[in-house]
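Examining the three-dimensional arrangement
In case you want the letters, here they are:
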Amino acid sequence: MRQFCGYILTIVFFISPALAQEPTHATGSAPQRLFIVNVEAVTPEREDDYYVNLLRMVLAATKAPDEQIELRFSDRQFTQWRWLIEVSHTQSTNNLLWTVTSNRRETLLRPVRIPMFKGLIGARLMVIRRQDEARFSQIKTLQDLRQLVAGQGANWPDTAVLQANGLPVTEGVGKEQLYKMLAAKRFDYFPRGVTEIANETAFLKQYDLIVAPNWYLSYPAAMYFFVKKDNEALATRIETGFETIIDSGEFDEFFNNHPRVKNGLPYLAERKPLLLSNPTLPKTTPVNNPRYWWVK
């Protein structure tokens with residue numbers, strides 16, 4: 001089972017010219033135009049994969065009557081930054097990826113400014129070694145936390161946020177390596193999104209780790225779909241589909257009942273936020289729009 005680094009996945013959309021000229025035919029039905037979606041970097045971790053199913057919903061909401069949408073998955077894996085560069089320079093027509101936004105990333109690609117997790121990606125639980133629970137129980141302020149070292153991925157957007165708030169960071173490559181580094185005492189805590197913990201309980205059990213008590217880190221952040229700068233047509237399709245499922249209530253139902261959200265939110269109910277600033281966040285991020293943002 002493959003993993004992708006951080007919060008990013010690239011998807012290549014294309015309609016084959018041959019398929020466009022020769023529509024598929026189902027017996028007794030009207031011809032169908034085949035819209036192939038090639039998913040690069042990773043196959044879904046499970047059937048309930050949040051990102052892939054949300055993408056399916058958004059595309060279905062904008063599906064033409066004579067269109068058939070097909071997802072095809074490959075096994076290429078790149079780092080987050082490599083994917084951003086690949087998509088920004090590709091010659092393919094319809095490319096899409098999802099990742100946490102930043103000023104730098106929005107200079108490379110065109111964002112669809114509807115947060116996929118309603119901003120919950122900025123609620124970061126601190127995973128620690130079980131034997132350090134008493135140590136973390138003594139933390140009262142952000143200044144206390146600055147005496148400890150966080151672990152984060154190289155080029156992950158969270159790394160820059162932590163550093164901007166005076167929190168020391170040790171970098172690794174990929175979450176699995178970072179969990180191993182935490183267990184080996186290379187750093188003191190590993191901030192993980194509240195929507196990620198549900199999928200990572202196996203790591204906690206394997207390395208005898210727990211979620212730190214009392215506090216979680218909180219800063220404004222948004223994960224978006226991104227497309228190439230010049231692909232306004234695909235951006236508009238994604239925006240229209242997303243707005244449609246918000247209006248219908250389909251997105252709220254999906255969001256509220258997904259294991260990533262249902263199993264993560266109880267952690268926040270038992271903890272208070274340590275508030276951080278996010279200087280990498282574009283001013284256009286809709287942090288004050290309740291249509292898009294989760295409020296505790």
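Note that the coordinates shown come from a computational prediction; the quantities given were computed from them, not determined experimentally.

Some remarks on the overall build of the chain
- A tally of regular secondary structure across the chain gives 13 helices and 13 strands.
- Partitioning the contacts of the chain with sequence separation of at least 6, the portion at a separation of at least 24 is 80%.
- Looking at the chain as shown, the accessible area adds up to about 13,200 Å², and 50% of this sits on carbon and sulfur atoms.

Looking at the packing of aromatic side chains
- Overall, the coordinates contain 15 aromatic pairs when judged by the stated rule.
- Note on Tyr-51 and Trp-98: the rings are 5.2 Å apart at their centroids and 10° apart in plane angle, and the pair reads as stacked. Taken together, the residues Tyr-51 in helix 2 (residues 50–61) and Trp-98 in strand 4 (residues 94–100) connect sequence positions 47 residues apart. Trp-98 carries the same exposure label as Tyr-51, and that label is buried.
- On the numbers, 6.0 Å between centres and 50° between planes, the contact of Tyr-224 with Phe-226 is tilted. In this pair, the class of Tyr-224 matches that of Phe-226, namely buried.
- Grouping aromatic residues by their ring pairs yields a cluster made of Tyr-50, Tyr-51, Trp-98, Phe-117, Phe-225, Phe-242, Phe-251, Phe-254 and Phe-255.
- The side chain of Lys-118 reaches across the aromatic face of Phe-255, ending 4.8 Å from its centre.

Thoughts on the packing of helix 2 against helix 10 (residues 232–248)
- Closest axis-to-axis distance for the helix 2/helix 10 pair is 7 Å, and the angle between their directions is 95°. One finds that helix 2 runs roughly perpendicular with respect to helix 10. In this structure, helix 2 uses Leu-54, Leu-55, Met-57, Val-58, Leu-59 and Ala-61 to contact helix 10, whose residues at the interface are Arg-237, Ile-238, Gly-241, Phe-242, Thr-244 and Ile-245.
- For the contact of helix 2 with helix 10, a count of residues per class yields 9 nonpolar, 2 polar and 1 charged.

Concerning the nonpolar core
- Leu-54, Leu-145, Tyr-189, Phe-225 and Phe-242 are the most contacted members of the largest nonpolar core, which totals 72 residues.
- With 8 residues, the top contributor of residues to this core is helix 2.
- With residues up to four places along the chain from it excluded, the contact list for Tyr-189 reads Met-126, Val-127, Ile-128, Phe-136, Leu-145, Leu-148, Val-149, Ala-150, Gly-151, Leu-167, Leu-182 and Leu-217.
- Counting residues in hydrophobic clusters, the runner-up holds 8 residues, among them Leu-84, Ala-222, Phe-226 and Trp-293.

Overview of the confidence of the model for the chain
- Looking at the chain, the pLDDT average stands at 85 and 82% of residues meet or exceed 70.
- Every residue in residues 1–22 scores below 50 in pLDDT, and together they form 82 contacts with partners more than four places removed in sequence or on other chains.

Some words on unusual backbone geometry
- You will see that Lys-118, though not glycine, has its phi angle at about 55°, which is positive.
- With respect to the helices, strands and loops of the structure, Lys-118 is situated in the loop between strand 5 (109–112) and strand 6 (123–129).
- The backbone of Asp-208 shows a phi angle near 55°, a positive value even though the residue is not glycine.
- Structurally, the position occupied by Asp-208 is in the loop between helix 9 (201–206) and strand 10 (209–211).

Re helix 2
- In this model, helix 2 (12 residues) spans 17 Å end to end at C-alpha, consistent with the 16 Å of a helix rising 1.5 Å per residue.
- Looking only at helix 2, the buried set comprises Tyr-50, Tyr-51, Val-52, Asn-53, Leu-54, Leu-55, Met-57, Val-58 and Leu-59.
- Two or three places before Tyr-51, at the start of helix 2, stands the capping residue Asp-49, its side-chain oxygen 3.3 Å from that residue's backbone nitrogen.

With respect to helix 8 (residues 175–183)
- Within the sequence span of helix 8, burial applies to Lys-175, Leu-178, Tyr-179, Met-181 and Leu-182. The buried residues of helix 8 occupy an angular sector of 160° when projected down its axis, which confines them to one face.
- Residues of helix 8 that are buried in the fold lie against strand 6, strand 7 (150–153), strand 8 (169–172), strand 9 (190–193), helix 9 and strand 10.

Calculation rules
- Residues numbered from 1 in each chain as written.
- Predicted model: local features only at pLDDT ≥ 70, side-chain atom pairs only at ≥ 80, totals over all residues.
- Heavy atoms only, no water.
- Helix = DSSP H or I, 4+ residues; strand = E, 2+ residues; numbered from the N terminus.
- Contact = heavy atoms within 4.5 Å.
- Areas by Shrake-Rupley, 256 points an atom, 1.4 Å probe, with all protein chains shown as cover.
- Phe/Tyr/Trp six-rings, centres within 6.5 Å; stacked < 30°, edge-to-face > 60°.
- Buried < 20%, exposed > 50% of the residue type's maximum accessible area, 1.4 Å probe, protein only.
- Lys NZ or Arg CZ within 6 Å of the ring centre and 35° of its normal.
- Axes fitted to C-alpha atoms, helices over the stretch in contact; angles between N-to-C directions.
- Parallel < 35°, antiparallel > 145°, perpendicular 65-115°, else oblique.
- Nonpolar A, V, L, I, M, F, W, Y, C, P; charged D, E, K, R; others polar.
- Core = buried A, V, L, I, M, F, W, Y, C linked by side-chain atoms within 4.5 Å.
- pLDDT = per-residue confidence, 0-100.
- Expected span 1.5 Å × (residues − 1).
- Polar contact = N/O pair within 3.5 Å; in protein donor to acceptor, adjacent residues only side chain to side chain.
- Arc of directions from axis to C-beta.

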